[in-house]
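# Examination of the molecular architecture
Next come the chains, spelled out residue by residue.
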Amino acid sequence: MPSFSQRPPTGRRRVVAAAALAGVLPAAGCGGPAGHEGHDGHSASPQARTAAARALPGMPPVLNPRDLYAADRPNKLSPVVRDFPSRVYVPNTESDTVSVIDPRTYKVTRTIRVGRQPQHVVPSWDLKTLWVNNDLGNSLTALDPATGKKGRTVDTHDPYNLYFTPNGRYAVVMASKDRQVVFRDPRTLKVRKALSVDCAGVNHADFSPDGRYFIVSCEFSGELLKVDTARMAVIGKQRLPRKGAMPQDVKISPDGRTWYVADMMSDGVWVLNGDRFTEPRLLHTGEGTHGLYVSRDSRTMYISNREEGSISLLDFDSGRLVGKWHLRGGGSPDMGGLSADGKVLWLSGRYDSEVYAIDTRNGRTLAKIPVGRGPHGLAVYPQPGRYSLGHTGIFR
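Residues numbered from 1 in each chain as written. Predicted model: local features only at pLDDT ≥ 70, side-chain atom pairs only at ≥ 80, totals over all residues. Heavy atoms only, no water.

## Focus: the side chain of Arg350
Position of Arg350 relative to the elements: it lies in the loop between β25 (344–349) and β26 (354–359). Separated by 3.2 Å, the side chains of Arg350 and His376 make a polar contact. (Helix = DSSP H or I, 4+ residues; strand = E, 2+ residues; numbered from the N terminus. Polar contact = N/O pair within 3.5 Å; in protein donor to acceptor, adjacent residues only side chain to side chain.)

What follows is the structure, given as structure tokens:
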């Protein structure tokens, strides 16, 4: 098995390398049902209540139909997580560990042994648990964010990534190698439905404003799926209109109208109308485009470009790129998240055994922190929001 700590070929030669990996690797790249009140106690506006009538049953109402991330304002922590210590949890795919970083000191305070090839650290829907996705270990390991200690490990086949339906009814495992999207009980993790999909490398997703559907990227076949949440069925499929496309992270805009899909081989983000699911257009951002993160004021999306060591800034209002930050001394920025106050963007350095802390006011590299080998989908925790949709922290 090739080592993730070795930087892959750059330029168009990466397409050949990716095709070779597809045959031997998985994608490289909890709570119960909700009520209608958020954890923070805020009631919804009349417009939000109207939208809730069309929403997935049991989903908490959107606070602001014009801003899906209205619950994610700086330091707007739910009472559930308010007393949790602020930490950065880093899964090291080649070391089979999770490094725990104190963001105040930029120091690793603990190293936790987990299963084989941990890919992502995922907050549960109810915000109480962090799940480590041990992909090749075929298990999920629970971490207690109140203590930082390891809890139970649950047998779960091929858990490359993990999401939760917006009503908290199901955990959704992206079983990349198995070519399945697996709906499980969010508490017991027992399988409720294994949805087989006709694409290679299911890995990342995001949900529509009403929670009725979600869009999934298929890394190795260069395709997108549209899945009906309640029916647990594929209702749309398309191949990205570029040879060698390799889609990664998926993120919806604050107004819910536009979807963005990072593509590490096309060096940009695909811009898509999710409702119509028509052919998207490509916006070039940088080499090796990978992770997508929304600022705490919902105005900017931070886009990590793994192969060129940069972060592109997209303005949601205009849909245009408005800047680019380069990591001091270069690097391989991959997946991560924002600090609770939104002042620091944390990203793993996939090929450099390090984690980056980046000042969101000016793009300055604040720290490069040594961790284990192959750091990937790190989670900054706690973060603002009423509930988690999964991945490294998608909060609504």
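## Here we look at the state of the cysteines
Taken as a whole, this structure holds one disulfide when the rule is applied. One disulfide bridge connects Cys199 with Cys218, the sulfur atoms lying 2.1 Å from each other. The chirality of the disulfide connecting Cys199 with Cys218 is left-handed, given an S-S dihedral of about -50 degrees. Within this pair, whereas Cys199 is found in the loop between β11 (191–196) and β12 (202–207), its partner Cys218 is found in strand β13 (residues 213–218), the two being separated by 19 residues in sequence. For Cys199, a relative accessible area of 1% gives the class buried. (Disulfide = S-S within 2.5 Å. Buried < 20%, exposed > 50% of the residue type's maximum accessible area, 1.4 Å probe, protein only.)

## A word on the sheet that holds β26
The strand order across the open sheet formed by four strands is β24-β25-β26-β27, and the pairing between neighbours is antiparallel. Edge positions in the sheet fall to β24 (333–338) and β27 (365–370), since each has one partner strand and no second. Averaged over all neighbouring strand pairs, the angle between strand axes comes to 20 degrees, with direction disregarded. Direction of pairing for β24 relative to β25: antiparallel, over a ladder of four bridges. Its bridge partner lying in β25, Gly337 is registered against Trp346. (Pairing = 2+ DSSP bridges. Axes fitted to C-alpha atoms, helices over the stretch in contact; angles between N-to-C directions.)

## Details of the sheet that holds strand β8 (residues 161–164)
What the four strands build is an open sheet, ordered β8-β9-β10-β11; its pairing is antiparallel. Edge positions in the sheet fall to β8 and β11, since each has one partner strand and no second. Strand-to-strand twist of the sheet, defined as the mean angle between neighbouring strand axes without regard to direction, takes the value 20 degrees. Two strands pair when backbone bridges link them, and strand β10 (residues 180–184) and β11 are joined in this way by five bridges, in the antiparallel orientation. What sits directly across from Phe183, in β11, is Lys193.

## Considering unusual backbone geometry
The amide bond that connects Tyr381 to the next residue, Pro382, takes the cis arrangement and shows omega of 0 degrees. By the secondary structure assignment, Pro382 is in the segment after β28 (379–381). At Asn75, a position not held by glycine, the phi torsion is positive, near 60 degrees. Assignment of secondary structure puts Asn75 in the loop between α2 (46–53) and β1 (87–92). For Ser298, which is not glycine, the phi dihedral falls at a positive 65 degrees. Relative to the elements of secondary structure, Ser298 occurs in the loop between β20 (289–294) and β21 (300–305).

## Remarks on the pairing of strand β17 (residues 259–263)
In terms of burial, β17 is a largely internal element, five of the five residues being buried. Across the two faces of β17 the burial is the same, with Trp259, Val261 and Asp263 and Tyr260 and Ala262 all buried. Bridge analysis of strand β16 (residues 247–252) against β17 gives four bridges, and the strand direction is antiparallel. Counterpart to Pro247 in the pairing with β17 is Asp263. From the end of β16 to the start of β17, which pair antiparallel, there are six residues, and Gly256 there has a positive phi angle of about 75 degrees. Between the antiparallel neighbours β17 and strand β18 (residues 268–272) lie four residues, among them Asp267 with a positive phi of about 60 degrees.

## Side note on empty space enclosed by the protein
Size it by volume and the largest cavity reaches roughly 180 Å³. Around the largest cavity, the lining comprises 15 residues; the ones closest to its centre are Asp72, Val294, Arg296, Gln383 and Gly393. Residue assignment for the lining of the largest cavity shows that the elements contributing at least two residues are β20 and β24. Per-element tally for the lining of the largest cavity: the top contributor is β20, with three residues. Across the lining of the largest cavity, the residue classes break down as seven nonpolar, five polar and three charged. Here the second largest cavity defines a volume of roughly 50 Å³. (1 Å grid on protein atoms, 1.4 Å probe; cavity = no way out; pocket = protein on both sides within 12 Å on 5 of 7 lines; lining within 4 Å. Points joined across faces, edges and corners; volume = space filled by probe spheres on them. Nonpolar A, V, L, I, M, F, W, Y, C, P; charged D, E, K, R; others polar.)

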